[in-house]
Amino acid sequence: MKILHSSGNYQIHFLPFTGSHDVVVTDENVAGYYPDLLGENPIVVPAGEKSKNLETYAFVSQELLKRGVTRKSRIIALGGGVIGDLTGFVAATYMRGISFVQVPTTLLAQVDSSVGGKVGIDLPEGKNLIGAFHPPTEVFIDSRFLATLPAREYRCGMAEVIKYGWIMDEALLSELQEPPTDLSSIVQRCIKHKAMVVQEDEFETLGIRASLNFGHTVGHAIEQITHYERYTHGEAIAIGMVLEAKIAERLGIAPLGLSNQMTWLFEQYGLPTQYDSTTYSQDLIEIMRRDKKSEASEITMSLVTVPGSCKLVKDVPHNVIAEVLGE
Ligand code: NAD
Ligand code: GLY
């Protein structure tokens, strides 16, 4: 599959990645499972969201210098969404930009983060607040990586898969009522959706790409306020989708009962649907006001209107968000 973007195109290969002479950036878990794919002198960082920070960004950049990586080199992001976002952002800025290849090893990264060129890191003040659009030069999707994925990480990937159903593919929701028997075809279908969206609205200026953020305004705030320790990204956005569906119901944008339908489906995949914490909703709202979709502190959300369809809603009233979060 070929993805077109403003400065060229890249191929998504549904093929095994067999290794490379280029420098590989990966995390400790992936390095342990796939030592044969690491090349000669890989850069290995701790696993998890906490590596998407300024310190690790500087570390990886300096390690590239030590390895003599030049402007003509390319580097390999071998790992989940954290490695893809971090390595992609290093690639976007190292010597003003070098090539990188995405080799996504989680379900979440295969269906979402490895395609579309969004790369970045977190700040203490919020998630993905520093970043760039820097498309990869190639993506290798290999379902064999999923064999070693812990069950919890598989479930998180399913949260993003199910998201495509709610925002743009009602038929997928019906199929997912039963556990999928052919995961590869589901992955390809999700990538096709993502490809279509990012080609139509590469830089998220038309409100089309923002639809992919359904569940993320609330989800990112939950991830941040719980210090990225309590929930994985997929779990936080599953909760975020249910809460945003409740907000849409309250606003009269979605039919009553939508959030119950979502809760049921996420529970079939072992995903959390409730934010069980005593955090003040006002603190979460403060974080949402810093979300990249927000303008002048007004909170913007991509909200599902009916299963398979969504729209961008600006200036979501804070009192409605607070009511839903406070329940
Ligand atoms: P992750 O990269 O932290 O991977 C999850 C866990 O799985 C880690 O512990 C990792 O070591 C382990 N792992 C990875 N591959 C494995 C394998 N094959 N076998 C065994 N263990 C493996 O997290 P993720 O869920 O892949 O990605 C979440 C990140 O992606 C978040 O930071 C999120 O913001 C980002 N994201 C980015 C985009 C985008 O468009 N750029 C889209 C969605 C999500
Ligand atoms: N995952 C959101 C995006 O790529 O725009």
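Quantities reported herein were computed from a predicted structural model and do not represent experimental measurements.

Draft legend 1. Layout of helix α7 (residues 183–200). For α7, with 18 residues, the first-to-last C-alpha span of 26 Å sits near the 26 Å given by 1.5 Å per residue. When we look at burial in α7, the residues that qualify are L183, I186, V187, C190, I191, H193, K194, A195, V197 and V198. Close packing links the buried residues of α7 with β1 (2–5), β2 (8–13), α4 (107–113), α5 (151–168) and α6 (170–175).

Draft legend 2. Geometry of the sheet that holds strand β9 (residues 138–140). Across the sheet, which stays open at both edges, the 7 strands sit in the order β1-β2-β9-β6-β5-β3-β4 with mixed pairing between neighbours. Looking at which strands have only one partner, the edges of the open sheet turn out to be β1 and β4 (43–45). Mean inter-strand twist for the sheet, computed between neighbouring axes without regard to direction, equals 20°. Examined bridge by bridge, β1 and β2 share 4 bridges and lie antiparallel to one another. For H5, the partnering residue across the bridge sits in β2 and is G8. Its contacts with the sheet put helix α2 (residues 54–66) on β3 (23–27), β4 and β5 (74–79), and the angle it makes with β4 is roughly 165°.

Draft legend 3. Representation of unusual backbone geometry within the structure. Even without glycine at this site, E204 takes up a positive phi of about 55°. Assignment of secondary structure puts E204 in the loop between α7 and α8 (216–225). Residue classification places E204 among the partly exposed residues on the basis of a relative accessible area of 24%. The backbone of H227 sits at a positive phi, close to 55°, despite the residue not being glycine. Along the polypeptide, H227 turns up in the loop between α8 and α9 (233–250).

Draft legend 4. Expanded view of the nonpolar core. W166, I222, M262, F266, M288, M301 and I321 are the most contacted members of the largest nonpolar core, which totals 67 residues. In this structure, M262 is in contact with W166, F214, M241, V242, A245 and V304, ignoring residues within four places of it in sequence.

Draft legend 5. Region of interest: helix α12 (residues 318–326). Burial in α12 covers these residues: V320, I321, V324 and L325. Seen from one end, α12 has its buried residues packed into an arc of 130°, which puts them on one side. Tucked inside the fold, the buried residues of α12 contact α8, α9, α11 (281–289) and β10 (301–306).

Draft legend 6. The site of ligand 2, seen in detail. Inspection of the region around ligand 2 gives D112, K118, K194, E204, R209 and L212 as its neighbouring residues. A distance of 2.8 Å separates an oxygen atom of ligand 2 from a polar atom in the side chain of K118. Contact between ligand 2 and R209: an oxygen atom at 2.7 Å from a side-chain N or O atom of the residue. Summarising the interface, the protein chains cover 88% of the accessible area of ligand 2, which totals 190 Å² for the free molecule. When the residues that make up the shell around ligand 2 are grouped by side-chain class, the tally is 1 nonpolar, no polar and 5 charged.

Draft legend 7. Geometry of the state of the cysteines. For the coordinates displayed, the defined rule picks out 0 disulfides. C310 supplies the cysteine sulfur nearest to C190, a cysteine that is in no disulfide, at a spacing of 14 Å.

Draft legend 8. Local environment of the site of ligand 1. Around ligand 1 there are 29 residues in total, and D27, E49, T105, T106 and T148 lie nearest to it. Within the backbone of V82, one N or O atom sits 3.0 Å away from an oxygen atom of ligand 1. The side chain of K194 places a nitrogen or oxygen atom 3.5 Å from an oxygen atom of ligand 1. Coverage of ligand 1 by the protein chains reaches 92% of its 860 Å² of free accessible surface. Going through the elements one at a time, α1 (28–33), α3 (81–93), α4, β8 (126–133) and α5 are the ones with two or more residues in the shell around ligand 1.

Draft legend 9. The pairing of β8, seen in detail. Strand direction decides the pairing type here: strand β7 (residues 118–123) and β8, joined by 5 bridges, are antiparallel. Bridging from a neighbouring strand, G120 pairs with G131 of β8. Hairpin connection of β7 to β8: 2 residues between the antiparallel strands.

Cut-offs applied
Residues numbered from 1 in each chain as written. Chains lettered and ligands numbered in written order. Predicted model: local features only at pLDDT ≥ 70, side-chain atom pairs only at ≥ 80, totals over all residues. Heavy atoms only, no water. Helix = DSSP H or I, 4+ residues; strand = E, 2+ residues; numbered from the N terminus. Expected span 1.5 Å × (residues − 1). Buried < 20%, exposed > 50% of the residue type's maximum accessible area, 1.4 Å probe, protein only. Contact = heavy atoms within 4.5 Å. Pairing = 2+ DSSP bridges. Axes fitted to C-alpha atoms, helices over the stretch in contact; angles between N-to-C directions. Core = buried A, V, L, I, M, F, W, Y, C linked by side-chain atoms within 4.5 Å. Arc of directions from axis to C-beta. Near = heavy atom within 4 Å. Polar contact = N/O pair within 3.5 Å; in protein donor to acceptor, adjacent residues only side chain to side chain. Areas by Shrake-Rupley, 256 points an atom, 1.4 Å probe, with all protein chains shown as cover. Nonpolar A, V, L, I, M, F, W, Y, C, P; charged D, E, K, R; others polar. Disulfide = S-S within 2.5 Å.

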